Every structure is written in C-alpha cells, then in structure tokens.
Amino acid sequence: MVDLSVDLGNLHLQYPTLMGSGCYGSGEEFAPFVDLSRIGAVVLKSVTRQPRLGNPTPRLVHTPAGMLNAIGLQNPGIDWYLEHDVAKFADRPCVVIGSVAGFSVDDYAYTVEKLAARDEIKAIELNISCPNVASEGETFACDPNLTGKVVRAARAATGKTLIVKLSPNVTDIGAIAREAQAAGADALAVINTVRGMSIDVDLMRPRLGNVTGGLSGPAIRPIAVLAVYEVARAVTIPIVGQGGIETTRDAIEFFLAGASAVSIGTGNFTDPRIPMRIVDELAEFLRRRNVRSLKQIVGKANVGFANPYQYEGDEG
Ligand SMILES: Cc1cc2nc3c(=O)[nH]c(=O)nc-3n(C[C@H](O)[C@H](O)[C@H](O)COP(=O)(O)O)c2cc1C
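Residues numbered from 1 in each chain as written. Predicted model: local features only at pLDDT ≥ 70, side-chain atom pairs only at ≥ 80, totals over all residues. Heavy atoms only, no water.

## With respect to the packing of aromatic side chains
Each aromatic ring pair is characterised by the separation of its centres together with the angle its planes make. Our working rule: Classification of ring pairs rests on two measures: the distance between centres of Phe, Tyr or Trp rings, Trp counted by its six-membered ring, which must be within 6.5 Å, and the angle between planes, read as stacked under 30 degrees, edge-to-face over 60 and tilted in between. Under the scheme used here, helices are H or I runs from DSSP no shorter than 4 residues and strands are E runs no shorter than 2 residues, and both carry numbers assigned from the N terminus. Only protein chains enter the area calculation, which uses a 1.4 Å probe; residues under 20% of their type maximum are buried, those over 50% are exposed, and those in between are partly exposed. Either the NZ atom of lysine or the CZ atom of arginine qualifies as a charge over a ring when it sits within 6 Å of the ring centre and within 35 degrees of the ring normal.
A full pass over the atoms with the stated rule returns three aromatic pairs. Seen in terms of ring centroids, Y108 and F140 are 5.2 Å apart; in terms of plane orientation they differ by 85°. Their pairing is edge-to-face. With Y108 in helix α2 (residues 105-116) and F140 in the loop between β10 (138-139) and α3 (144-157), the pair connects residues that are 32 residues apart, well separated along the chain. Across the pair, F140 and Y108 agree in class, each one buried. The residue whose ring lies beneath R49 is Y110, and the NZ or CZ to ring-centre distance is 3.9 Å. For the cation-ring pair, R289 lies above F285, with the distance from its terminal atom to the ring centre recorded as 3.7 Å.

In structure tokens:
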C-alpha cells in the first residue's frame, strides 16, 4: 500500500487531489460519471457577502492550450447560500471545502465566520484575488500588507483549516506567501489564474465581456510549477499546487517542486475522471519506485528544500 494521504492544517485527506474552485460545482453534477469517494476534496465556487450577478457575457474564451474566464464571482451571497445550498453538501462522499471571496477585510471576516460555522464545510479556502474597495481597488493577493490583514481577519474568524489562494500576478510570490503564513494560514493554494486578454480581429473588439480575464489550463503550467517551487522555499506550510494539471505526470511535477497536494480545475471540463486516474497512476508510479509515501517525493526537485520525509533512493 502506498500512502497518498495529506494533512492541511488539522484537515486530513485520504487523497492528495482537490477539485479547483469554480471548476467542479459541489461535485453533484459529476456524481453520475465519477466515484467522488476517490477524490481528496471538492473546493466550492467562491461565495461573497452580497449576491453577485457576475460579469457581462461572453465569460469564456478558448485559447491555445487553455482558456480565459471572467465569470465575475457570480454567486447568490452567503445568506442565501447558507439557507439553500450548504445542507446539500452533507451527503457528499468526499470532503467539502468552502471558498470565500470579498471586497473588504470585513467582508472576508463576516463570510468566513458564517460559512466555517457549518459542519458540512470542513475547511475554508480564501480567494484573495479580489480588489479591495478601501484601497483604490488594489488586489489583496498582490500586496503583502493587504494579504496579511485579510488572512489575520479570516484566521480570527475560524479555527478550521485556512487555505490561502495566491495570485501569480505578482513580482515576488514568496514574499506574499511568507506574509500569509505569518498571518495564520495553514496551507497555500498556488496558483489562481494568470491575467490575460483576447481580441476578435473581425469584430475588432475584446472577446470577453469584461475585456480582461484569467488564463487557466496547460498554458499556465510552467508558471504554476515555478510559483510552487518559489513558495516552497519561502514557507513551511503545505502547498496545494494547481495550474494546467491534466495527467499524473503533470501532478508529479508539482509534487517534485514542493506541493503536498494538487488541484485540478480546467482539466475537469474535458474529462472529469482525471482526478481518479491521477490517484491510481500516482500510487503505481510510487510503487514501481519502492516509495511508500507520497510525502517522500515532495520537493525532491527543489534544491535545498527541507523535507523530513525525503526519499533518497530505492528502499527495496
Ligand atoms: C471557469 C472558472 C471559474 C473559476 N472560479 C474560481 C473561483 O470562484 N474561485 C477561485 O478561487 N478560483 C476560481 N478559478 C480558478 C481555479 O480554481 C484554478 O485555481 C485555476 O483555474 C488554475 O487551475 P487550472 O489550470 O487547473 O484550472 C476558476 C477557474 C475557472 C476556469
């Protein structure tokens, strides 16, 4: 038996595969096609304090090796969500992680406290790739100070595992990661989408209703692997690596860079069985190399990375 389990703060997951926020619903839509008991956790679509209609359409654009999205955090708001949606997550055969977004520190604290109080929600992911209305719309995830403030407020609002999701749209992601850890994050999700844009040359205007959007899928994988590599050298808390993962070998790249778990987002739109395949093939990959625990290869390709479980050769 190969141990694929992972601990994110006080949350124990049997499998190291999470479903990316906004890309798997709450698992319900995929239940007829996949065995949800064989994924680590579903991260729900981000919810905000107030309801949001989202951005004007079109909201999705195909790009080479990926896609641009500008959904605009469409969601019913935390109160409606708690009353109508959250109870349905109780019977999911996998762990359910809530995701919170906001436009002020208060928004985050309020929404985290309400959502985390529910038993159906086992941990909170903080989507801090949002503009702060109190500081000229500066994105929380792009400023170490703002990151610290919002993470401290969320930390004070719950004792459940707090995963802080970082943006790649920064100069020094390690500095932001350090601030998030110092403010009380239990784990970091690395990375959210990369800013991008596409223009329709016949219509001579931007393809997205919102003009700009977030790029995801295989196109961003090398950016994400580097971000995980850099964050792993900056912090001691576990990392959930994500960005363009479609195959087991993609996932292994992230583990070797320093991720303890991975998340699959855009890949699920083409094949929702990717997460199950990764679990099977990952176990086989490790078994063939006589590695008994996934933890042993975390950071193996990250020079100087301190891993107490590090694998140094065949254990025969
Ligand atoms: C359509 C779509 C919606 C998304 N919605 C959210 C969201 O609500 N909150 C969030 O934190 N990330 C959201 N993301 C980002 C993904 O969770 C993921 O971090 C990112 O797409 C990179 O991984 P991937 O290349 O595997 O998709 C969304 C991505 C897509 C494509």
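That was the structure; now back to the text.
## Description of the site of the ligand
Stated formally: Definition of nearness: a residue and a molecule or strand are near each other if at least one heavy atom of the residue lies within 4 Å of the molecule or strand. Here a polar contact means two N or O atoms within 3.5 Å. Within protein one must be a hydrogen donor candidate and the other an acceptor candidate, and residues neighboring in sequence count only if both atoms are side-chain atoms. With residues, only the protein chains shown are counted as cover, and all accessible areas are computed by Shrake-Rupley using a 1.4 Å probe.
Looking at the ligand, there are 21 residues lining it, with S21, S46, G217, G244 and T266 nearest. Between S21 and the ligand, the recorded distance is 2.8 Å, taken from a backbone N or O atom to an oxygen atom. Residue I191 places a main-chain N or O atom 3.3 Å away from an oxygen atom belonging to the ligand. Here the ligand has 610 Å² of accessible area as a free molecule, and 96% of this is covered by the chains.

## A short note on the pattern of salt bridges
For the record, the criterion: By convention in these notes, a salt bridge is any Lys or Arg side-chain nitrogen within 4 Å of a carboxyl oxygen on Asp or Glu.
For the coordinates displayed, the defined rule picks out 16 salt bridges. In this structure, the salt-bridge partner of K295 is D3, at a minimum N-O distance of 3.8 Å. Placement of the pair is K295 in the segment after α8 (274-288) and D3 in the segment before β1 (6-8), with a sequence separation of 292 residues. A residue is classified by how much of its surface remains accessible, and K295, at 19% relative accessible area, is buried. With a relative accessible area of 33%, D3 lands in the partly exposed category. For R38, the salt bridge is made with D280, and the minimal N-O distance between the two is 2.3 Å.

## Observations regarding the nonpolar core
To keep it simple, the criterion reads: Residue types Ala, Val, Leu, Ile, Met, Phe, Trp, Tyr and Cys, when buried and joined through side-chain atoms within 4.5 Å, form a set referred to as a nonpolar core.
In terms of nonpolar packing, the biggest core is built from 91 residues, with L115, L126, V164, L166, L188 and V190 touching the most fellow members. The greatest single-element share of this core, amounting to eight residues, is contributed by α8. With 14 residues, the next largest nonpolar core counts V43, A123, I163 and A261 among its residues.

## Considerations on the sheet that holds strand β16 (residues 212-216)
Hydrogen bonds between backbone atoms are what pair the strands of a sheet, whose relative direction is either parallel or antiparallel. Worth spelling out the cut-off: At least two bridges found by DSSP between two strands are what make those strands a pair. To get an axis, a line is fitted to the C-alpha atoms, and for a helix only the part in contact is used. The angle between two axes follows their N-to-C directions and goes from 0 to 180 degrees.
On the basis of which strands lie adjacent, the open sheet formed by four strands has the order β5-β6-β16-β13 and antiparallel pairing. Of all the strands in the sheet, the pair left with one neighbour each is β5 (60-63) and β13 (194-197). Mean inter-strand twist for the sheet, computed between neighbouring axes without regard to direction, equals 40°. Relative to β16, strand β6 (residues 66-69) is paired through three bridges, and the arrangement is antiparallel. If you follow M67 over to β16, its bridge partner there is S216.

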